Amino acid sequence: MGDPLTAYTARLQQQEQEIRSLSAEIESLKNPQNQRPSPRLEELREENAKLKYRLNILKREEKAHCSKAMLNINQHLQEIFGEAIRASCPELDSPPLAVAPNQQSKFGDYQCNSAMAMAQMLKAKGVKANPREIAEKIIQNLPKNDLIQKTEIAGPGFINVHLERKFVSKLLSNLLVNGVQPPPLASKKRVVVDFSSPNIAKEMHVGHLRSTIIGESMCRLFEFLGYDVLRLNHVGDWGTQFGMLIAHLQDKFPDYLTVSPPISDLQGFYKESKKRFDEEEEFKKRAYQCVVRLQSKEPDFIKAWNLICDVSRKEFQRVYDCLDITIIERGESYYQDMMKQVVKEFEEKGLSQVDDGRTIVFAPGQSIPLTIVKSDGGYTYDTSDLAAIHQRIFEEKADIIIYVTDSGQATHFQVVFAAAQMIGWYDPKVTRVEHAGFGVVLGEDKKKFKTRSGDTVRLMDLLEEGLKRSMDKLKEKERDKVLTPEELIKAQRSVAFGCIKYADLSHNRINDYVFSFDKMLDDRGNTAAYLLYAFTRIRSIARLANIDEATLKQAAETSEVLLDHEKEWKLGKCLLRFPEILQKILDDLLLHTLCDYLYELATTFTEFYDSCYCVEKDRQTGEVVKVNMWRMLLCEATAKVMAKGFDILGINPVQRM
């Protein structure tokens, strides 16, 4: 609700200013007859009353939204301790604030470790200070709050924090009644995520898998948190390669103006055209002529180019449909007409130079220049990337721009970003522009993932192999005997594509990772297979106890979630760390943190379920004799958080497996 609230507040202030101005004008009039309020003043007062009414409604709505949202406990504790730390040592500028979940639950739930660092800072100023005494001061200055039950000082000055169980119980009830709601945003920012980016006329291969999966998940995270997200597919759809390909098709595929070869043939033609381009001088000249005619937008060449693009798009879409990817194509061709202006701006500002016939740009602190015009007058990837970042900043009005490509392109983007800052297009303190790089996919031999014949693995082949292995695994567990054919197909797709995505996302994206179907389909350890089975087990608990959704909803609204057993308390706290986890990923864009959290949540739930009876049955008859509803609510809360976590990762769980 941030934006309309700001707008109404501004209008209200403007109206009140005008009222004060007109009132002062009336007072200054000497003629008593002219002191009657003007019609304009009455009009303003009336509008002012309406605005105040609307503003109060918006404030109530915002308050209601905030009360429905999940509370970030860590952030809330930081606010509480931040206030206490500033009051304890007002002489320190920017005192350190360190609050984190306690690694050992016997020492409390969270820990504040600021006192030791503060003592060091005071020592540097020539002030003797004992960390334990500083910790005492911090505790004395803690503002009144509902969250902290008690604090203790340990060791050299650690402050152990014990949370108030009643308050945690209320937070869990809120989660159950309102669902998994993100914390409110200060302002709705525009985010552009550039990901996937295959090349036209080539099949998608395993190298495109990581960018596609990681980029999709990042978009889902930003969308869940309330950002306005633009998902862009910066496909390679322009340049010399299309001149080569069209020239080669003219010789080998005479129908190229009415129909394009299928994608596999097209890739073969592309390889042949590249070989001819490198070896035959006459062909090279003709290919360049085709490029010029394409760039001049001659109808026949545009028609041939469109046919090639359409065949590729259909093939890409098959992959996107399997992986449930939503993305808008905006390839290099989109920025062609913007490049001239970009080059002109660098030249006019004296930021480019001519070197051996090329126009280059050196950005501050960068040893490698960008080539923005080649010696033959053509543009480069550098030019199109500069045009793209300019368009995203000025036309899309992006506040955050993220490029999801392999780490090999890190230096290139570093130079592009430095050049964009140098020319004044953006200030990194205001606009976040980031390259989210990732490592390569390795085979089980720890070498680059290839087929047995040494070719790059086609992505579609990989996905089809995943489906086959997933079905084999389900049949091995005899799931085909208990599931309907429709349920079996759903489970097959959920496991196959979920496992492929999770295997990627559960590794730190910066590192290379080994692709292994056997490991990803294993239902033990930190895998999608384990988590999906755990989720269906949790969902089955209520079903087996004959408790429907309406009963659970009513219980959530009327029953307290008890947290007396240590395993109930551990699970409750784990569930409420979800907003902290999302905030961390928002800061560093490392999605494996969410995978680690979901695995921790699933194992914490198992500990709870093994120690705490949710449903008690008669040992002889198997009939349900008692349902511990507060524990059923903990099951439901776990399922809700896991489902939202899966959604962010792009994994589709099923109710039965």
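All values derive from a computational prediction rather than experimental measurement.

### A few points about the UniProt feature "domain: Arginyl tRNA synthetase N-terminal" (unreviewed entry) in the chain
Within this numbering scheme, the UniProt entry marks residues 75–163 as carrying the feature "domain: Arginyl tRNA synthetase N-terminal" (unreviewed entry). The straight-line gap between the two end C-alpha atoms of residues 75–163 is 14 Å; of that span, 39% is helix and 21% is strand.

### Concerning the pattern of salt bridges
Inspection of the entire model under this criterion finds 45 salt bridges. Between Asp 109 and Lys 573 there is a salt bridge, with its nearest N and O atoms 2.7 Å apart. Remark: Lys 573 occurs in helix α20 (residues 566–576) and Asp 109 occurs in the loop between β1 (99–101) and β2 (110–112); sequence separation between them is 464 residues. For Asp 109, a relative accessible area of 7% corresponds to the buried category. Note that Glu 600 and Arg 577 form a salt bridge whose closest N and O atoms lie 3.0 Å from each other. In this pair, Glu 600 is assigned in helix α22 (residues 592–611) and Arg 577 in the loop between α20 and α21 (578–588), connecting sequence segments 23 residues apart. Classification of Glu 600 by relative accessible area gives partly exposed; the value is 32%. Salt bridges here are not isolated pairs; linked through shared partners, they connect Glu 216, Arg 220, Glu 223, Arg 231, Asp 324, Lys 644 and Asp 647.

### A look at the packing of aromatic side chains
As enumerated under the stated definition, the model contains 16 aromatic pairs in all. Each residue in the set Tyr 403, Phe 413 and Phe 417 is aromatic and connected to the rest through ring pairs, giving one cluster. For Arg 165, the ring lying beneath its charged end belongs to Trp 569, and the centroid distance is 4.3 Å. For the cation-ring pair, Lys 477 lies above Tyr 533, with the distance from its terminal atom to the ring centre recorded as 5.5 Å.

### Notes on the sheet that holds β1
Taking strand neighbours across the sheet as the criterion, the 4 strands line up as β1-β2-β4-β3 in an open arrangement whose pairing is antiparallel. Bordering the open sheet on either side are β1 and β3 (148–154), each of which pairs with just one other strand. Strand-to-strand twist in this sheet, taken as the mean axis angle between neighbours without regard to direction, amounts to 25°. Note that β2 and strand β4 (residues 158–163) share 3 bridges and pair antiparallel.

### Examining the environment of Gln 15
Looking at where Gln 15 falls in the secondary structure, it is placed in helix α1 (residues 2–28). Taking relative accessible area as the criterion, Gln 15 reaches 8% and is therefore assigned buried. Spatially, the C-alpha atoms of Gln 15 and Leu 51 are 9.1 Å apart, while their sequence positions differ by 36 residues. When residues no more than four places from it in sequence are discounted, the contact partners of Gln 15 are Leu 44, Glu 47, Asn 48 and Leu 51.

Reading the values: rules and limits
- Residues numbered from 1 in each chain as written.
- Predicted model: local features only at pLDDT ≥ 70, side-chain atom pairs only at ≥ 80, totals over all residues.
- Heavy atoms only, no water.
- UniProt positions renumbered as here; feature names shortened; annotations may be inferred.
- Helix = DSSP H or I, 4+ residues; strand = E, 2+ residues; numbered from the N terminus.
- Salt bridge = Lys/Arg side-chain N within 4 Å of Asp/Glu carboxyl O.
- Buried < 20%, exposed > 50% of the residue type's maximum accessible area, 1.4 Å probe, protein only.
- Phe/Tyr/Trp six-rings, centres within 6.5 Å; stacked < 30°, edge-to-face > 60°.
- Lys NZ or Arg CZ within 6 Å of the ring centre and 35° of its normal.
- Pairing = 2+ DSSP bridges.
- Axes fitted to C-alpha atoms, helices over the stretch in contact; angles between N-to-C directions.
- Contact = heavy atoms within 4.5 Å.

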